[in-house]
Every structure is written in structure tokens, then in C-alpha cells.
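Residue-level structural notes
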Amino acid sequence: MKSPGIASLGFREAVQHFLETALLMDIPQSTRLYERACQSLATGVSSGIRRHATPSPMYYERADGPYFFDVDGHRFLDYTLAWGPLIVGSNHATLNARIAEQLSRGYTFGAQHRAEIEVAERLTQLVPGVEQVILSNSGTEAVQAALRLARASTGRAKFVKFEGHYHGWLNNVLVSYRPKASDPVETTPTCGGQPASEYADVISLPWNDLGALEQAFAKYPGEIAGVITEPILANSGSCLPEPGYLQGLVDLCRQHGAVSIFDEVITGFRIALGGAREYFGVQPDLSVYGKAIAGGFTLSAVGGKRAIFDVLRQGTTLHAGTYNGHPINLAAALATLEILSEPGTFARMHAHGQAIRAKLQSKSLATTGVGTIFSVHWGQKTPPKDYRATLQSDMASYTKFRLGMLEAGVLLLPDARWYVGAVHGEEQLAQVTSAIDKVLG
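In this report, we go over the structure that sits alongside the text. Because the structure is predicted, anything quoted here is derived from the model rather than measured.

**Some words on the nonpolar core**
Counting 42 residues, the largest nonpolar core has Val160, Phe162, Leu213, Phe217 and Val227 as the members making the most contacts within it. Taken together, the elements giving at least two residues each to this core come down to strand 5 (158-162), strand 6 (202-205), helix 6 (210-219), strand 7 (224-229) and helix 7 (245-255). Excluding residues within four positions of it along the chain, phenylalanine 162 makes contact with Ser176, Leu205, Pro206, Trp207, Val227, Ile228, Thr229, Tyr245 and Leu249.

**Observations regarding the pairing of strand 3 (residues 75-78)**
Examined bridge by bridge, strand 2 (residues 67-70) and strand 3 share three bridges and lie antiparallel to one another. Of the residues in strand 3, the one forming a bridge with tyrosine 67 is leucine 77. Connecting the antiparallel pair strand 2 and strand 3 is a turn made up of four residues, with glycine 73 showing a positive phi of about 90°. In the sheet, strand 3 pairs with strand 13 (residues 410-411) via two bridges, with the strands oriented parallel. In the strand pairing of strand 13, leucine 77 is matched with valine 410.

**Describing the sheet that holds strand 13**
Pairing is mixed across the open sheet formed by four strands, whose spatial order is 1-2-3-13. A single partner strand is all that each edge strand has here, and the edge strands are strand 1 (60-64) and strand 13. Across four bridges, strand 1 lies against strand 2 in antiparallel orientation. Bridge pairing links alanine 63 to phenylalanine 68 in strand 2. The strands touched by helix 14 (residues 426-440) within the sheet are strand 2, strand 3 and strand 13, with strand 3 carrying the most contacts at an inclination of about 105°.

**Overview of unusual backbone geometry**
Among all residues except glycine, the phi angle is most often negative; among peptide bonds, the trans geometry is most common. Backbone geometry places asparagine 208, a non-glycine residue, at a positive phi of 65°. The residue asparagine 208 is located in the loop between strand 6 and helix 6 in this model. The phi dihedral of alanine 416 falls on the positive side, at around 75°, and the residue is not glycine. Take alanine 416: it is sitting in the loop between strand 13 and strand 14 (417-419). In this structure alanine 416 comes out as buried when scored by relative accessible area, which is 2%.

**Notes on the packing of aromatic side chains**
One pass over the full model with this rule turns up 11 aromatic pairs. Centroid distance tyrosine 398 to phenylalanine 401: 6.2 Å. Interplanar angle 50°. Geometry classified as tilted. Of this pair, tyrosine 398 and phenylalanine 401 both sit in helix 13 (residues 395-407), three residues apart, roughly one helical turn. Considered together, tyrosine 398 and phenylalanine 401 belong to a single accessibility category, that of buried residues. Each residue in the set Tyr60, Phe68 and Phe76 is aromatic and connected to the rest through ring pairs, giving one cluster. Lying over the aromatic face of phenylalanine 69, arginine 62 brings its terminal NZ or CZ to 3.8 Å of the ring centre. Here the guanidinium or amino end of arginine 75 rests over the ring plane of tyrosine 67, the centre of that ring lying 3.9 Å away.

Cut-off values and rules
Residues numbered from 1 in each chain as written. Predicted model: local features only at pLDDT ≥ 70, side-chain atom pairs only at ≥ 80, totals over all residues. Heavy atoms only, no water. Core = buried A, V, L, I, M, F, W, Y, C linked by side-chain atoms within 4.5 Å. Buried < 20%, exposed > 50% of the residue type's maximum accessible area, 1.4 Å probe, protein only. Helix = DSSP H or I, 4+ residues; strand = E, 2+ residues; numbered from the N terminus. Contact = heavy atoms within 4.5 Å. Pairing = 2+ DSSP bridges. Axes fitted to C-alpha atoms, helices over the stretch in contact; angles between N-to-C directions. Phe/Tyr/Trp six-rings, centres within 6.5 Å; stacked < 30°, edge-to-face > 60°. Lys NZ or Arg CZ within 6 Å of the ring centre and 35° of its normal.

Dropping the structure here:
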């Protein structure tokens, strides 16, 4: 039977339930810190989903390489990468040196500096078809910038997004993210506080279905400004696009005068140095980047052909932000991109992840994705191809596995997603495969 969520219990009852049923290890310091946090920090955490990353939130004191150390003295081999950003691990000597160097020169300027140019040049060199970029801080911000560019460029208001795809937490995109299998395919809010007026121009469709997209263009001729998609459905099961789907999406957008947008907050600089554009050989009009781009520091970017940014140069629309082009984050980005550019880095990361997938598949478990970002699907005989198919996975069994792995010293995400980075080597592969054997028996 599935355990009750901690949100449905009082704090003390939840902690007691957690201690009795979830983990064998002792975490008294984390328990006390969470109780303290709940007095002054709403929900006790800084991002809602973290309340459920373990049955009770755990607190970490430091991280080094591929390991996290909690306040109760446990060491965990990390395959969360802080939900993705730590692609080169923690306490990396190159990052530390570059950031310390920049700290001595200034924290932030609210004005121009050389690193802005250097990062922009590096991105245009690395990513196929990207001629210019704009910089911001989070994936959520960059998605909004991309949508604004699409609308300003086309003079249209509507845009298409797909079920299960996550494009940030703002009201106009946090729709049709977690519908039930029985729900109709339509644009629906994900949580409270989302007035319908804020997503009235959103068309939600099933993914991996070019026919559905073609029908949407026929239904709304000359009204759709853009189509935004994760090139791999990393946020909902790491489903892969069907052969030809991404190119078909881009072609349909060009045929109907809409802007194609790849949300590469997760896949960018993770599945290849040039992201999905390189990995799949497809070039959309715009791509959105975040997470791995700065190795754990807050940076995002939007990239595309030079012409699509004309609306900014002409003053038709605006891109702004006090922390855009923050020198500390750009120093981290330059160092991270340098590390990821070392020969063989991506081949090694993918091989590591594929070896873990092979181990899990040997236990009769289905996996989806690629080597550096993949998901495990309990109870599914074949890999799911879209969001609704992922709903058939047995998440209760996965949760038991995840807690067993935690006790074995391996930290995993609660949604069955694995992140593999340049920091994972042969020693870590031996440790994690041994833990899988131990937990799955």
C-alpha cells in the first residue's frame, strides 16, 4: 500500500511515520532542522517538490565531487546532480579558481563586462545553428523570453505546449503538466492560483503525434506564434521523440509561420556539447538553455538565428533583468563549458549511464532516455513513448527501491529520473551497480 504523503500528516506524525517505515538510518539532525525550518520558512523548504524528495526532507552540509554529505554524517553517491546543474560535480578545482578570481574583481556590475561576450561567443561556437543569444538566470525566465520573442516576431498570441512537458512554474506554462490518464486532452491548470485568463492562449496537445499538431495549425490558422517542446521528455519519464518527430515539428512551424522552440534546460550541454540540435541533427528557431550550462550556478540563455532577435534591436519588445549576465555565473559557465569540451567527455558520460541502464534492465526493468538523462519505469514491459504512457509505471515500487538505495548510500530523485555527469567514473559505477544488486536482491 502506498504510504501517505507527508503533507497529509501533522509534522510530528509525519516524522514518526518516516522514522518507523521509510529509512533504517538515523537522521536526527535533519529532523530537528526541518522542524525548525517550518517555524519561519513556509512549507519548511525553498522549492515545493523538495518536501517529498525523501519521506522527510534531509539536510546537506557539503558536497565534493560526486558525493553529498548530510548533517547526520552520511555520505551519498549523488545521481540527482541537484536536479541537473552539477554536471561536473561539486568543489571542482577549475570552477573554484575561476569563481574566486572573479570574486576578487567584483560581484556584479549591472553593466557590461568581457565575460558576457566570451560566453555568447562560446555558445555560438558550440551549438549548431545558434548565431546569437540572450542571457538570463533561470530556465523559467528564459522560457518566457523565448515565448515573448515568438509572439513579438509573429504578431500572434497563441502557442502550443505538450502534456507532461515542464517549462517553468509561471501560470501561462504550468498547464497540462500532470493530468490524470482519464482527463481529456485540454489545457488545464496544475495548481491553485492559476486564473484561466493567464493560459487562455495555450493549446495543449499530446506529444509524439505530428497529426495532432497539424490539426492544431488547421484549427487556428494564422494564430499560433510558436510551439515549445522538450526534445526529450525529461521531466515526465525521459521519453524519446519518435524518429522524424522533432524535424516534423520544426517543418510544420516553418510551414505555418510559427516559431519552433526547444526547451533544452535539461538536455542542453547534457546529451551533447551542442545539445539536442547536435544529438538529433535538428535546428529549431529558438533553444532555451539552463541547468548544466554553468555547473551549479544560476544562468540560462536563449539562442537562435540572428534575425529572430531583431525585435529586440528594433525596440518592438524588451528583454531585461538586474542579474542578467551576472559575472560570477558567467565565470562558472566558461569553466564548465571548458571542462565539457574536453575530448571524450560525452562518450564517457553516456557509457556510464548506459551501463547503469543495462544493470537495471537486467532486473527486468524498463528504462527510457539516453546515457546522461534517463528514467526507470517499474511494471512496464516496454518503454513509454509519451506522458500518458508513463502513468502506468508503479511509482510505489520505485519509491521502495529509492529508499533502499538511499540506505545503500546512493541518492536518487523521487520521480525515477537519473542524472549522469562528467564527475561519475569507474569507482562510482562499481558502487552504484553493487547497490542495485543489493537492493533488488
